[in-house]
4 protein chains.
Amino acid sequence: MKALVFHGAGKKSWEEKPKPVIQQPTDAVVRITKTTICGTDLHIMKGDVPEVVDGRILGHEGVGVIEELGNSVTNFKKGDRVIISCITSCGKCDYCKKGMYSHCENGGWILGHLIDGTQAEYVRIPHADNSLYHIPDGTDEEALVMLSDILPTGFECGVLNGKVQPGNTVAIVGSGPIGLASLLTAQFYAPAEIIMIDPDDNRLETAKKFGATQVINNSKENAVEKVKQLTNGKGVDTAIEAVGIPATFELCQLLIAPGGTIANIGVHGKSAELHLETLWAHNITITTRLVDTVTTPMLLKTIQSKKLDSKKLITHHVKLSDIINAYETFGNAAREKALKVILTNE
Amino acid sequence: MKALVFHGAGKKSWEEKPKPVIQQPTDAVVRITKTTICGTDLHIMKGDVPEVVDGRILGHEGVGVIEELGNSVTNFKKGDRVIISCITSCGKCDYCKKGMYSHCENGGWILGHLIDGTQAEYVRIPHADNSLYHIPDGTDEEALVMLSDILPTGFECGVLNGKVQPGNTVAIVGSGPIGLASLLTAQFYAPAEIIMIDPDDNRLETAKKFGATQVINNSKENAVEKVKQLTNGKGVDTAIEAVGIPATFELCQLLIAPGGTIANIGVHGKSAELHLETLWAHNITITTRLVDTVTTPMLLKTIQSKKLDSKKLITHHVKLSDIINAYETFGNAAREKALKVILTNE
Amino acid sequence: MKALVFHGAGKKSWEEKPKPVIQQPTDAVVRITKTTICGTDLHIMKGDVPEVVDGRILGHEGVGVIEELGNSVTNFKKGDRVIISCITSCGKCDYCKKGMYSHCENGGWILGHLIDGTQAEYVRIPHADNSLYHIPDGTDEEALVMLSDILPTGFECGVLNGKVQPGNTVAIVGSGPIGLASLLTAQFYAPAEIIMIDPDDNRLETAKKFGATQVINNSKENAVEKVKQLTNGKGVDTAIEAVGIPATFELCQLLIAPGGTIANIGVHGKSAELHLETLWAHNITITTRLVDTVTTPMLLKTIQSKKLDSKKLITHHVKLSDIINAYETFGNAAREKALKVILTNE
Amino acid sequence: MKALVFHGAGKKSWEEKPKPVIQQPTDAVVRITKTTICGTDLHIMKGDVPEVVDGRILGHEGVGVIEELGNSVTNFKKGDRVIISCITSCGKCDYCKKGMYSHCENGGWILGHLIDGTQAEYVRIPHADNSLYHIPDGTDEEALVMLSDILPTGFECGVLNGKVQPGNTVAIVGSGPIGLASLLTAQFYAPAEIIMIDPDDNRLETAKKFGATQVINNSKENAVEKVKQLTNGKGVDTAIEAVGIPATFELCQLLIAPGGTIANIGVHGKSAELHLETLWAHNITITTRLVDTVTTPMLLKTIQSKKLDSKKLITHHVKLSDIINAYETFGNAAREKALKVILTNE
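So, a few notes on the structure that sits alongside this text. None of these values were measured; they are calculated from a predicted model.

Parameters at a glance
Residues numbered from 1 in each chain as written. Chains lettered and ligands numbered in written order. Predicted model: local features only at pLDDT ≥ 70, side-chain atom pairs only at ≥ 80, totals over all residues. Heavy atoms only, no water. Helix = DSSP H or I, 4+ residues; strand = E, 2+ residues; numbered from the N terminus. Rg over C-alpha atoms; globule rule 2.2 N^0.38 Å. Buried < 20%, exposed > 50% of the residue type's maximum accessible area, 1.4 Å probe, protein only. Contact = heavy atoms within 4.5 Å. Areas by Shrake-Rupley, 256 points an atom, 1.4 Å probe, with all protein chains shown as cover. Lys, Arg positive; Asp, Glu negative; His and termini not counted. Charge placed at Lys NZ, Arg CZ, Asp CG, Glu CD. Polar contact = N/O pair within 3.5 Å; in protein donor to acceptor, adjacent residues only side chain to side chain. Buried area = accessible area lost by both parts, 1.4 Å probe. Nonpolar A, V, L, I, M, F, W, Y, C, P; charged D, E, K, R; others polar. Pairing = 2+ DSSP bridges. Salt bridge = Lys/Arg side-chain N within 4 Å of Asp/Glu carboxyl O. Axes fitted to C-alpha atoms, helices over the stretch in contact; angles between N-to-C directions. Parallel < 35°, antiparallel > 145°, perpendicular 65-115°, else oblique. Least-squares fit on C-alpha atoms with pLDDT ≥ 70 in both. Phe/Tyr/Trp six-rings, centres within 6.5 Å; stacked < 30°, edge-to-face > 60°. Lys NZ or Arg CZ within 6 Å of the ring centre and 35° of its normal.

Notes on the overall build of chain A
Across its full length, chain A carries 13 helices and 16 strands. Here chain A has a C-alpha radius of gyration of 20 Å; the compact-globule value for 346 residues is 20 Å, and the two agree. Dimensions along the principal axes, computed over C-alpha positions, put chain A at roughly 60 × 40 × 40 Å. For chain A, the residues scored as buried account for 65% of the 346 residues in total. Considering only intrachain contacts with a sequence separation of at least 6, the fraction spanning at least 24 residues in chain A is 69%. When the accessible surface of chain A is split by element, carbon and sulfur atoms take 49% of a total near 12000 Å². Distance between charge centres in chain A, computed from 35 positive and 40 negative side chains, equals 3 Å.

Here it is, written out as structure tokens:
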């Protein structure tokens, strides 16, 4: 089969690889029909994720069709159409039993990381019963690719951890795909205001279309001052960090009202300064989270019932065999006005 | 001043009464600008609420303007426009400190019940600081009359107690004003389905316009069978009882899925049968609640930010001096297609 | 092997049965070392549980040693000492993913009910990875037999569902083994008062030794009046029903304070009257629950750390081969002052 | 009357001041019977709290007797014995309605800070109905002085925010009075292990007596390594910071298990480094809180019912008129083995 293979920082190729086979009774082999590229894949390509070895097939998102099954898999049968979760969950370790699949002792984020991933014609999925989800009849497959990672990430790490509530005021720092996924799913809870903060006017324009009630270009305006104006000097109830650098995390600390919650989504490479000298008395909560994908069934229902239009996140369509070009497009997201790129295995 | 006065079951008149005065340092006297009639007022008129004595001015909803203030009221000043809560809260008893204002040891539901109410040109409001809310500039007063009782009742007793969640399935039994208030506020949480059940096609038509995804006329169809069909045989996650008779409460028990919640709003005059012989093992929750109006500030924000269009509940406008006719209209709600009647003190 | 076999209402025998074998890759066969008898087994013997067929081996509690394993079981190896949960959980259906193992689509309560159980020398445990727990070194095996059913039942259905909190007042109606298990585990949360209500003085004496702060013999005293006296007329914050008849459930309704919670544990054969004519306005919560055994790991830690002395519940020791006598003792619990009987497979 | 008066950094005296009088209808004047000194008072004496002006009477803890009352106070009458909360709560601003009394718009921490405090023969208490609590008959007054500040602080900021649960493992960094208050109240929730970390062996000895299951002297041992050993390499479920310097907050980050909570109590003067480069993916929660004293009624019940022996925190007794000496003792806590010093107004 063909697959997108990592060969060290900056090097990748679309090349022939052996088709995966069942290794454990809990495995499935899935023929990929649609996949996509994540910001994390770009980090891997830069060499920022040293656990990814030369020869690894990348990708942790996608939908497909069950091709082969191990003998203890019971939720699926050959030919079933499935959503692949970016998080592999064994369903039987202590963490899985608590719903913290991200820390599964036999899984977690391994696809396109510690084992071969989904940017390929076929992929082996360990612990298939707990790591795949049925595609309901009549649901748009492309909409569901967004369920592999970006929607549960925006929802769990940003919206749920941030305790978004009816009538509340939310600031989302970072209007990239993840920030926008938070923006879309925050609206499940009818907050009064969602303020989107980003230095790129084009992204802010998208945020407005996606439901932001206020946008702030923090390369041109003082975001703290403007948020204080919009909130009678109080700050926001929820601040969602969707960038992953110290400056944006520290901005969240300046935006948050007493009693509020800062929900970090960003993947950070450095520590940040925590201003306990003021925050110690502000009764705030800060959360971090690697997505657990525990809300995938809930999110699937919101897509089926049209409460969530996840296709809005898709800006480009490319053949899977053209994935090298797709990386180019996605890697220049601002210039290409790219959010998510759907790769179809035709 | 003029007021609507109860004179025993079936008897009421619009008559002259003394204008209320400040009795306690925590009181306010409010000039009513708009008020409305509640289903509870009809119960009182039938003689179902024996605590209401001859001579009592009815009414526990409305908006108005501060006319006089006791010397320890600090949240308001003369001339402030205010929303009157149906629940009087002292803010300093054990129940109030827990947010259970309905059981306030110095208040609770007393307006138009144990003390004179709001269907009058003026009303005395005890514990004004905790029982009134400022009307924000630019907000429609009529929309805010719905905040006195019906919206917090539908929201707190039905939606919050019922734990409505994104992607869930909700049944609301009873499509009268309270059921519709639950329907409107349930949508804050993006449930996948809201199934409205009522024997009146006109009310169900209204429910559809208000956002119900399914309606069932239970005088013509078997509601249990139809709900089972709609939910793959499982039943609903939340069943909201918005009628107040044994039959509808018992229907909720047949609709509820394992793990689900039955939230009672209805004012019951009789006991109901609880089918513990099946439900003991179904991991369900049943809640009851007299509204606390603790969510009034939250609901006000959802109205201000256009997440909630509470004016939908208003079907009729009448002068306050024509309140006797308004009772007639509201008392024949089905025939008159009446939900809430706004009474304006001109 | 030998096993206790049900032969229709009133008939059972200790007889030879084939030793169980692995049927599915997720199965384990466990050699029983210690087991016990549950009140539910007595119900089965009376013929109250019609799903139990002639020839069924009874029992759903016990500890043992892994004898054989299916090829997809990974949490255990042959020779491991294990606790058997009364609830079989597949770990991969919708209910299991929510932690509602009681309603597992591939398990739930099946041992000694729909498949052969633990009152035998060997038992087959389906979905072993999720239905067994390791016995930590140095822990008393008899103490752990209480983790199969009675402790999680008292804790989950009574204490957790009842929201027992520091400083609160709790009433437990029924001082049998399950009520006592609630009493023991309620003390995890430091309630101010635990009032035990039962018609048997001996059981109340035991309750006092187990930590009850007040006991009421409701065959001699008016329990409602006495509870009102003890609570300044308010009633209790939590009422736990641990009997399973209409009278005790209705008693709970009379004991509960506004804002309180009635947590039902009892297995009911009949419906009860729910006094909505008063309770509709009391802001109460009623819960039902078949035990999920989702707290088994937590309870195990409390036993290991000596926060819970579960051996208190054991009153008798009998050889497994004498199980017919043990049923006699347990079936006359009041006369024999029996709580739990440990059966040892020697 | 006599009072302890602040005269700038390092200067204080026990001197004559005018007896306070009622200024608002919501005020009470309380004759102090017992008071104490807080670590915060030492900070003020060092000049670390610039809002405290020359001439201010210090102190925010104590019990006493109602001497005078404003005309809108209804919860108390002259002669009532009361506990004074360190947090003044108006009960009617947005923050108070949410139970966030610490941020009361008309109160918060003002006693001995922005208005005159309790280290005096008399004190004026604003918003008396919401800021005082009745002393139940038969309760030890000294035990209740601990309810003014130290117990709710340890409990709310440490134990409740830290989500201590049965069977969990807790580390408390700092074994001073506040850390010990957390230790005492953490035991309400039956955690399996409470590991106390401090550089002073004497304080650790006290912690053992108060219920710590493990103690670590982090001036002699590597606390991170030892905690990892004690927790199978996982870390603790809850880490409570009870010191207030960057090093101890950073230690908490190294102790916390995935999914765990760091609850900050310490009053910090500097920012700390937050290691998002590792913690972003560890699904942790960090909380800060200025005590709300919203749990005072709950804690009072635990003292009355002997679930909490708060007198353990008292090491010294001094006459109020000897308060200058008491400051000396408390200021040399390590040398004097001092926890809380009771000052009695005789």
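From this point, the discussion proceeds with the structure in view.
Considering the side chain of K34(C)
Residues and elements named next belong to chain C. Secondary-structure assignment places K34 in strand β3 (residues 28-35). Residue classification places K34 among the buried positions, given a relative accessible area of 14%. Within the structure, K34 has its side chain in polar contact with the side chain of T344 (distance 3.1 Å). Apart from the residues within four sequence positions on either side, K34 is in contact with G62, V63, E141, E142, V145, I342, L343 and T344.

Looking at the interface of chain A and chain B
With 14 residues of chain A at the interface, the matching set in chain B holds 14 residues. Together, the buried faces of chain A and chain B total about 1200 Å²; carbon and sulfur atoms form 65% of this surface. Taken as a group, P166(A), F188(A) and K307(A) account for 33% of the area that chain A buries against chain B, more than any other trio of residues on that side. Run the count over chain A and chain B and you get 2 residue pairs in polar contact (both at pLDDT 80 or more). In terms of residue class, the side of chain A that touches chain B is made up of 7 nonpolar, 5 polar and 2 charged.

Section: the pairing of strand β5 (residues 81-84) of chain C
Residues and elements named next belong to chain C. In the sheet, strand β4 (residues 62-69) pairs with β5 via 4 bridges, with the strands oriented antiparallel. Across the sheet, V65 pairs through a bridge with R81, a residue of β5. Pairing analysis gives 3 bridges linking β5 to strand β7 (residues 132-134), with the strands arranged antiparallel. When the bridges of β7 are listed, I84 appears paired with L132.

Quick word on the side chain of D41(C)
All names here are of chain C. Relative to the helices and strands, D41 resides in helix α1 (residues 39-46). Despite its burial, D41 remains without a salt bridge, the nearest opposite charge being carried by K340 at 6.8 Å. Once you skip the residues sitting within four places of it in the chain, D41 turns out to touch T36, L58, G59, H60, Q119 and Y327.

Some remarks on the interface of chain A and chain D
Taken together, the contact between chain A and chain D spans 37 residues of the former and 36 residues of the latter. With both sides pooled, the region where chain A packs onto chain D buries about 3000 Å², and carbon together with sulfur makes up 57% of that total. Summed over the shared surface of chain A and chain D, the result is 4 salt bridges. Across the pair K234(D) and D94(A) runs a salt bridge, and its minimum N-O distance is 4.0 Å. Taken together, the links from chain A to chain D amount to 23 residue pairs in polar contact (both at pLDDT 80 or more). For the side of chain A that touches chain D, the secondary-structure elements that each account for two or more residues are α2 (94-97), β12 (256-264), β13 (272-274), α10 (276-279) and β14 (285-287) of chain A. Looking at the side of chain A that touches chain D residue by residue, the class counts come to 15 nonpolar, 14 polar and 8 charged.

As for helix α5 (residues 150-160) of chain B
All names here are of chain B. Along α5, 10 of the 11 residues are buried, which leaves the element largely enclosed by surrounding structure. Every buried residue of α5 is accounted for by I150, L151, P152, T153, G154, F155, E156, C157, G158 and V159. Residues of α5 that are buried in the fold lie against α6 (177-186), β11 (236-241), β12 (256-264), β14 (285-287), α11 (296-304) and β16 (340-344).

A short note on the packing of helix α5 (residues 150-160) of chain A against helix α11 (residues 296-304) of chain A
Residues and elements named next belong to chain A. Packing of α5 against α11 brings their axes to within 10 Å, and their N-to-C directions diverge by 110°. In terms of their interaxial angle, α5 and α11 are classed as roughly perpendicular. Mapping the contact onto sequence places L151, P152 and F155 in α5 and T296, M298, L299 and I303 in α11.

Things to note about the packing of α1(C) against helix α12 (residues 323-331) of chain C
Residues and elements named next belong to chain C. Running from amino to carboxyl end, α1 crosses α12 at an angle of 100°, the nearest separation of the two axes being 11 Å. Judged by the angle between their axes, α1 and α12 are roughly perpendicular. Along its contact with α1, which presents G39, D41, L42 and M45, the element α12 presents Y327, F330 and G331. For the contact of α1 with α12, the residue count by class is 4 nonpolar, 2 polar and 1 charged.

Considerations on the relation of the copies chain A and chain B
The two chain copies are related to each other by a rotation about an axis together with a translation along it. Once chain A has been moved 0.0 Å along the axis and rotated by 180°, it coincides with chain B to within an RMSD of 0.0 Å. Both copies are brought into coincidence by an operation consistent with a two-fold rotation axis. For chain A, the residue whose C-alpha comes nearest the rotation axis is Y189(A), separated from it by 2.5 Å.

Considerations on the relation of the copies chain A and chain D
Superposing chain A onto chain D requires a rotation of 180° together with a translation of 0.0 Å along the rotation axis, leaving an RMSD of 0.0 Å. Residue by residue, 97% of the interface of chain A is reproduced at the interface of chain D, so both copies engage with the same surface.

Structural notes on the pairing of strand β16 (residues 340-344) of chain D
Residues and elements named next belong to chain D. When you tally the buried positions in β16, you get 5 out of 5 residues, the bulk of the element. Burial of β16 is two-sided: the residues K340, I342 and T344 facing one way and the residues V341 and L343 facing the other way are all buried. Judged from the 2 bridges that link them, strand β3 (residues 28-35) and β16 form a sheet pairing that is antiparallel. Residue pairing in the sheet places T35 in a bridge with L343 of β16. Relative to β16, strand β15 (residues 314-319) is paired through 5 bridges, and the arrangement is parallel. Looking at the pairing, K319 lines up with T344 of β16.

Some details on the packing of aromatic side chains
Within this structure, the stated rule accounts for 10 aromatic pairs over all chains. Consider the rings of Y189(A) and Y189(B), whose centres lie 6.0 Å apart with planes at 85°: the pair is edge-to-face. With Y189(A) in the loop between α6 (177-186) and β9 (193-198) and Y189(B) in the loop between α6 and β9 (193-198), this residue pair bridges two chains. Neither residue differs from the other here; Y189(A) and Y189(B) are each classed as buried. Arranged with centres 5.5 Å apart and planes meeting at 80°, the rings of F155(D) and F188(D) form a pair that is edge-to-face. Of this pair, F155(D) sits in helix α5 (residues 150-160) while F188(D) sits in the loop between α6 (177-186) and β9 (193-198), and the two are 33 residues apart along the sequence. Take F155(D): its relative accessible area is 0%, and that puts it in the buried class. Assessed through its relative accessible area of 1%, F188(D) is described here as buried. Through a chain of ring-to-ring contacts, three or more aromatic side chains come together here, namely F155(A), F188(A), Y189(A), F155(B), F188(B) and Y189(B). We note K19(D) situated over the ring of Y122(D); from NZ or CZ to the ring centre the distance is 4.4 Å.

A look at the sheet that holds β9(D)
Strand order across the open sheet formed by 12 strands is β10(A)-β9(A)-β8(A)-β11(A)-β12(A)-β14(A)-β14(D)-β12(D)-β11(D)-β8(D)-β9(D)-β10(D), with mixed pairing between neighbours. The sheet is open, and its two borders are formed by β10 (214-217) of chain A together with β10 (214-217) of chain D, each paired with just one other strand. Between one strand and the next, the sheet's axes are offset by a mean angle of 15°, whatever the strand orientation. As paired elements, strand β8 (residues 169-173) of chain D and strand β11 (residues 236-241) of chain D share 4 bridges and run parallel to each other. Along β11(D), the bridge assignment pairs A171(D) with A239(D). Packed onto the sheet, helix α7 (residues 201-210) of chain A meets β9 and β10 of chain A and runs at close to 175° relative to β10(A). Against the sheet, α5(D) makes contact with β11, β12 (256-264) and β14 (285-287) of chain D, and its axis sits at roughly 155° relative to β12(D), the strand it touches most.

Some details on the sheet that holds β11(B)
Spatial strand order, β10(B)-β9(B)-β8(B)-β11(B)-β12(B)-β14(B)-β14(C)-β12(C)-β11(C)-β8(C)-β9(C)-β10(C): 12 strands in an open sheet with mixed pairing. Each of the sheet's edge strands pairs with one partner strand only, and the pair in question is β10 (214-217) of chain B together with β10 (214-217) of chain C. The mean angle between the axes of side-by-side strands here comes to 15°, regardless of whether they run parallel or antiparallel. Sheet strands in contact with helix α8 (residues 223-230) of chain C are β9 (193-198), β10 and β11 (236-241) of chain C, and its direction is about 160° off that of β10(C). Most of the contacts of helix α9 (residues 246-255) of chain C go to strand β12 (residues 256-264) of chain C, to which it runs at about 155°, and overall it touches β8 (169-173), β9, β11, β12 and β14 (285-287) of chain C.

Things to note about the environment of Y95(D)
With respect to the helices and strands, the residue Y95(D) is situated in helix α2 (residues 94-97). Note on Y95(D): relative accessible area 10%, which makes it buried. In this structure Y95(D) touches K234(A), P258(A), M100(D), Y101(D), H103(D), C104(D) and E105(D), once residues within four positions along its chain are discounted.

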